[in-house]
Amino acid sequence: MPHAEIAGVEATPRTRLRWWTELPLILLVYACYSAGRLLARGDVSTAVDHGVAILDIEKALFLNAEHPLNRLFTSEPWIGIPADFWYASLHYLVTPVILVWLFRSRAVRYRAARTWLMTSTFIGLIGFTLLPTCPPRLLAESYGFVDTMAQYSSYGWWGGEASAPRGMGGMTNQYAAMPSLHVGWSLWCGVMLWRYGGTRLAKTAAVAYPLITTIVVMGTANHYFLDAVAGAAVMGVGLLLTPFVLRTAERVRTRYATRHAVTSAASGAAATAVPGDTPAPVVSAGCQTSAGERIPRQRESRFESGAEPSAAPQDAGDGAPAPAR
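Quick notes on the rules
- Residues numbered from 1 in each chain as written.
- Predicted model: local features only at pLDDT ≥ 70, side-chain atom pairs only at ≥ 80, totals over all residues.
- Heavy atoms only, no water.
- Phe/Tyr/Trp six-rings, centres within 6.5 Å; stacked < 30°, edge-to-face > 60°.
- Helix = DSSP H or I, 4+ residues; strand = E, 2+ residues; numbered from the N terminus.
- Lys NZ or Arg CZ within 6 Å of the ring centre and 35° of its normal.
- Axes fitted to C-alpha atoms, helices over the stretch in contact; angles between N-to-C directions.
- Parallel < 35°, antiparallel > 145°, perpendicular 65-115°, else oblique.
- Left-handed = near helix turned anticlockwise from the far one by under 90°.
- Contact = heavy atoms within 4.5 Å.
- Nonpolar A, V, L, I, M, F, W, Y, C, P; charged D, E, K, R; others polar.
- Core = buried A, V, L, I, M, F, W, Y, C linked by side-chain atoms within 4.5 Å.
- Buried < 20%, exposed > 50% of the residue type's maximum accessible area, 1.4 Å probe, protein only.

**Brief notes about the packing of aromatic side chains**
Next, step 1: Taken as a whole and assessed by the stated rule, the structure comprises three aromatic pairs.
Next, step 2: Here the aromatic rings of Trp86 and Tyr209 are separated by 5.9 Å at their centres, their planes lie at 40°, and the arrangement is tilted. With Trp86 in helix H4 (residues 77-105) and Tyr209 in helix H8 (residues 200-219), the pair connects residues that are 123 residues apart, well separated along the chain.
Next, step 3: Between Tyr152 and Tyr155, the aromatic rings sit 6.2 Å apart at their centres with planes inclined by 70°, giving edge-to-face as the arrangement.
Next, step 4: Over the face of the ring belonging to Trp194 we find Lys203, whose NZ or CZ atom lies 4.4 Å from the ring centre.

What follows is the structure, encoded as structure tokens:
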């Protein structure tokens, strides 16, 4: 049974996709993502206030799953250490692998999937800018959270400041917690695996990967549960906006191609023109005549001023007899 297409999204690309155009585009979006996380620092006290407010809302709604998970991860290294590797690595490995897989084996659906992911990522950057949020691990000790990335930092390449490599913690924005794009991207990966995987193992991974990622981001005290919910909501909004983004990109591409074709044609005509030439007169609104065919007043145009036609029979008017052979 064929898969249903994403609502409102054209599955077949208008132009053939090339890896040398796709790769710079993806790198550009990732660079914007990294720069956005770095630049949207905001005020630390405001970020702490936002984090405490989210925690209070969760407690009021009985959604506070972060504390028991964090205690489990800190007391059981065989859970906490793999979870830290999961958080620090898979976010940047699984998503590109699935993008490449879609590009190679599901090219007709790749454009919509890629646009969905990129649109959602930019929405997430807006959230980082407007709502800087202190993650649970950076709250005061009185809130009861332990930073597992710092606790198990000797087992991995990350430092105690963040999931970035040692010495590079200052190059990332640790208050870009709302929404959780770890959860958002893992949800995107799960949808792609479920729709296009085609095997039971792929469908199992489609469910397990975003679910485990959600547990990991809370257990490592990097995100609140509502951060994860916001990450899923961002992906939903991105999915709804994807058809509009695709249509807009297609209009821009078509307009650019049309202008380029007109400019190329004009440049080609100017290049082939000989200086000093005068354009040939248009006869009878562009209609052509066969060889030897006469039209009214053609004789006058064939002779210079003051020249007289010869008396040869072939120069006589229409109806003159042809010379004898």
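**A look at the packing of H4 against helix H5 (residues 107-130)**
Next, step 1: Packing of H4 against H5 leaves a shortest axis separation of 6 Å and a crossing angle of 150°. The orientation of H4 relative to H5 falls into the category roughly antiparallel. Between H4 and H5 lies a crossing of left-handed hand. Contacts between H4 and H5 involve Thr95, Leu99, Leu102, Phe103 and Ser105 from the former and Ala107, Tyr110, Ala113, Arg114 and Leu117 from the latter.
Next, step 2: Among the residues forming the contact of H4 with H5, the class breakdown is seven nonpolar, two polar and one charged.

**Some points on the environment of Gln174**
Next, step 1: You can see Gln174 is positioned in the loop between helix H6 (148-151) and helix H7 (181-196).
Next, step 2: It is 7.4 Å that separates the C-alpha atoms of Gln174 and Cys134, two residues lying 40 residues apart in sequence.

**Overview of the nonpolar core**
Next, step 1: If you look at the biggest cluster of nonpolar residues, it comprises 20 residues, and the most contacted ones within it are Ile98, Leu102, Trp188 and Met192.
Next, step 2: Mapped onto this core, the elements with two or more residues apiece are H4, H5, H7 and H8.
Next, step 3: By residue number, the principal contributor to this core is H7, which donates seven residues.
Next, step 4: With sequence-adjacent residues up to four places away left out, Met192 is seen in contact with Ile98, Trp101, Leu102, Ala113, Trp116 and Gly197.
Next, step 5: Counting residues in each nonpolar core, the second largest holds 13 residues, with Ala47, Cys134, Tyr224 and Ala230 among its members.

Everything listed here is a matter of coordinates, which is why it stays silent on function.
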